[in-house]
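Read off the chains here:
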Amino acid sequence: EYKRAIKLAPHFAPLYRNWAVMESYEDHVAEASNLMEKAAELDRNDPQIFLLWGNIYRKSSKHLEANKKYTIAYNLAPQDPIILSAYGQSMSYLGYYEEADKMLNDSIKADLGFTSLKHIVINRTSLAYNSIEWGEYLVNQRDCVAAERKFNDAIKHCQIAINENASDPKLFATKAKAQFKLALLYFQIKEDNQAINKMTAIINSDV
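My aim in this report is to walk through the structure given alongside it, one point at a time. (Residues numbered from 1 in each chain as written. Predicted model: local features only at pLDDT ≥ 70, side-chain atom pairs only at ≥ 80, totals over all residues. Heavy atoms only, no water.)

**Here we look at the overall build of the protein**
Next up, step 1: Secondary structure assignment for the protein yields eleven helices and zero strands.
Next up, step 2: Going from the N terminus to the C terminus, the protein shows its helices and strands as α-α-α-α-α-α-α-α-α-α-α.
Next up, step 3: For the protein, the spread of C-alpha atoms along the principal axes amounts to about 70 × 35 × 30 Å.
Next up, step 4: Split into buried and exposed, the 207 residues of the protein put 43% on the buried side.
Next up, step 5: Expressed as a percentage of contacts within the protein between residues at least 6 apart in sequence, the contacts between residues at least 24 apart total 47%.
Next up, step 6: Element-wise, carbon and sulfur atoms account for 52% of the exposed surface of the protein, whose accessible area totals about 11,700 Å². (Helix = DSSP H or I, 4+ residues; strand = E, 2+ residues; numbered from the N terminus. Buried < 20%, exposed > 50% of the residue type's maximum accessible area, 1.4 Å probe, protein only. Contact = heavy atoms within 4.5 Å. Areas by Shrake-Rupley, 256 points an atom, 1.4 Å probe, with all protein chains shown as cover.)

Printed below as a string of structure tokens:
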């Protein structure tokens, strides 16, 4: 059907873009990328092309390539909450924790008229994941005070989403991971009572 459509409208970029997404569902990354290249040739100003292209690369663990496409999408639409969220997640994966935190928070702020529970959960879980990774980096740098702050930030982000009646299992798993990392930190700095409290909180969780 896409082939038929393209015969009728060979210069309509969204056709190639949507066909590429379909190919990516079948793990045909090379075919999907070729179609996205064609879509981009036809319309360099459509941020959705580069957002979806980045998603295709991220799905196949090509994170540097994904980040390059998200950069283009962001430059075209810097206030788009979905682009900000995807770009922030990509930055976090590559270890740019401060930039990721800013973009994910900007995604929440830019979410005017778009608010949905799914978007809240994605952003808060991503912020929590970023804070955990950031905290682990700070532990390795022997900055335990800052690391403690980041692990607590992760727990807060998860709790905000949970308070919105979110029930995504990944959210609760991320919160438990943050509590566990915080407990390990407390054991490391000889704060055994606080470590035990965090471990107990995980054990007593209703999730």
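**Overview of the packing of aromatic side chains**
Next up, step 1: Per the counting criterion, the structure on display carries six aromatic pairs.
Next up, step 2: Ring geometry for Trp53 against Tyr57: centres 6.4 Å apart, planes inclined by 20°, an arrangement best described as stacked. Taken together, the residues span about one helical turn, with Trp53 and Tyr57 both in helix H4 (residues 47-59) at a distance of four residues.
Next up, step 3: Seen in terms of ring centroids, Tyr97 and Trp134 are 6.4 Å apart; in terms of plane orientation they differ by 20°. Their pairing is stacked. Taken as a pair, Tyr97 in helix H7 (residues 97-109) and Trp134 in helix H8 (residues 117-140) lie far apart in primary sequence, 37 residues in all.
Next up, step 4: Residue Tyr97 is classed as buried on the basis of its relative accessible area of 16%.
Next up, step 5: On the basis of relative accessible area, Trp134 is assigned to the buried category, the value being 16%. (Phe/Tyr/Trp six-rings, centres within 6.5 Å; stacked < 30°, edge-to-face > 60°.)

**Focus on the packing of H8 against helix H10 (residues 169-188)**
Next up, step 1: Close contact between H8 and H10 brings their axes to 10 Å; oriented N to C, the two are set at 20°. It follows that H8 is roughly parallel to H10 by the angle criterion. In the crossing of H8 with H10, the sense of the turn from one axis to the other is left-handed. Taken together, the residues of H10 that come into contact with H8 (itself represented by Thr125, Ala128, Tyr129, Ile132, Glu133, Glu136 and Val139) are Lys170, Leu171, Thr174, Lys177, Ala178, Lys181, Leu185 and Gln188.
Next up, step 2: Split into classes, the residues belonging to the contact of H8 with H10 amount to seven nonpolar, three polar and five charged. (Axes fitted to C-alpha atoms, helices over the stretch in contact; angles between N-to-C directions. Parallel < 35°, antiparallel > 145°, perpendicular 65-115°, else oblique. Left-handed = near helix turned anticlockwise from the far one by under 90°. Nonpolar A, V, L, I, M, F, W, Y, C, P; charged D, E, K, R; others polar.)

**A word on the environment of Lys109**
Next up, step 1: Note that Lys109 resides in helix H7.
Next up, step 2: Remark: the alpha-carbon pair of Lys109 and Gln79, spanning 30 residues in sequence, is separated by 9.2 Å.

**A word on a nonpolar patch on the surface**
Next up, step 1: Among the surface-exposed residues, Phe180, Leu184, Phe187 and Ile196 lie close enough to one another that they form a single nonpolar patch of about 340 Å² accessible area.
Next up, step 2: For the nonpolar patch, the element with the highest residue contribution is H10, accounting for three residues.
Next up, step 3: One can find Phe187 in helix H10.
Next up, step 4: Using a relative accessible area of 36% as the deciding quantity, one classes Phe187 as partly exposed. (Patch = residues over 30% accessible without salt bridge, like charges linked within 9 Å, V, L, I, M, F, W, Y side chains within 5 Å. Salt bridge = Lys/Arg side-chain N within 4 Å of Asp/Glu carboxyl O.)

**Description of H4**
Next up, step 1: Across its 13 residues, H4 extends 18 Å between first and last C-alpha, which sits within 8% of the 18 Å expected from 1.5 Å per residue.
Next up, step 2: Listed as buried for H4 are Pro47, Ile49, Phe50, Leu51, Trp53, Gly54, Ile56 and Tyr57.
Next up, step 3: On the buried face of H4, the contacting elements are helix H2 (13-25), helix H3 (29-42), helix H5 (63-76) and helix H6 (81-93).
Next up, step 4: N-cap assignment for H4: the residue whose side-chain oxygen lies 2.9 Å from the backbone N of Gln48 is Asp46. (Expected span 1.5 Å × (residues − 1). Polar contact = N/O pair within 3.5 Å; in protein donor to acceptor, adjacent residues only side chain to side chain.)

**Description of the pattern of salt bridges**
Next up, step 1: Inspection of the entire model under this criterion finds six salt bridges.
Next up, step 2: Here Glu136 ties to Lys181 by a salt bridge, and the two come within 2.4 Å at their closest N and O atoms. Of this pair, Glu136 sits in helix H8 while Lys181 sits in helix H10; the two residues are 45 residues apart in sequence, bridging distant segments of the chain.
Next up, step 3: Lys181 gets classed as partly exposed once you look at its relative accessible area, which sits at 22%.

**Some words on the packing of H6 against H8**
Next up, step 1: Between H6 and H8, the least distance of the axes is 10 Å, while the angle of their chain directions is 20°. On the basis of their axis angle, the class for H6 and H8 is roughly parallel. For the pair H6 and H8, the crossing hand works out as left-handed. Touching Pro81, Ile82, Ser85, Gln89 and Ser92 of H6 are His119, Ile122, Asn123, Ser126, Tyr129 and Asn130, all from H8.
Next up, step 2: Counted by class, the contact of H6 with H8 contains four nonpolar, seven polar and no charged residues.

Geometry only, nothing functional implied.
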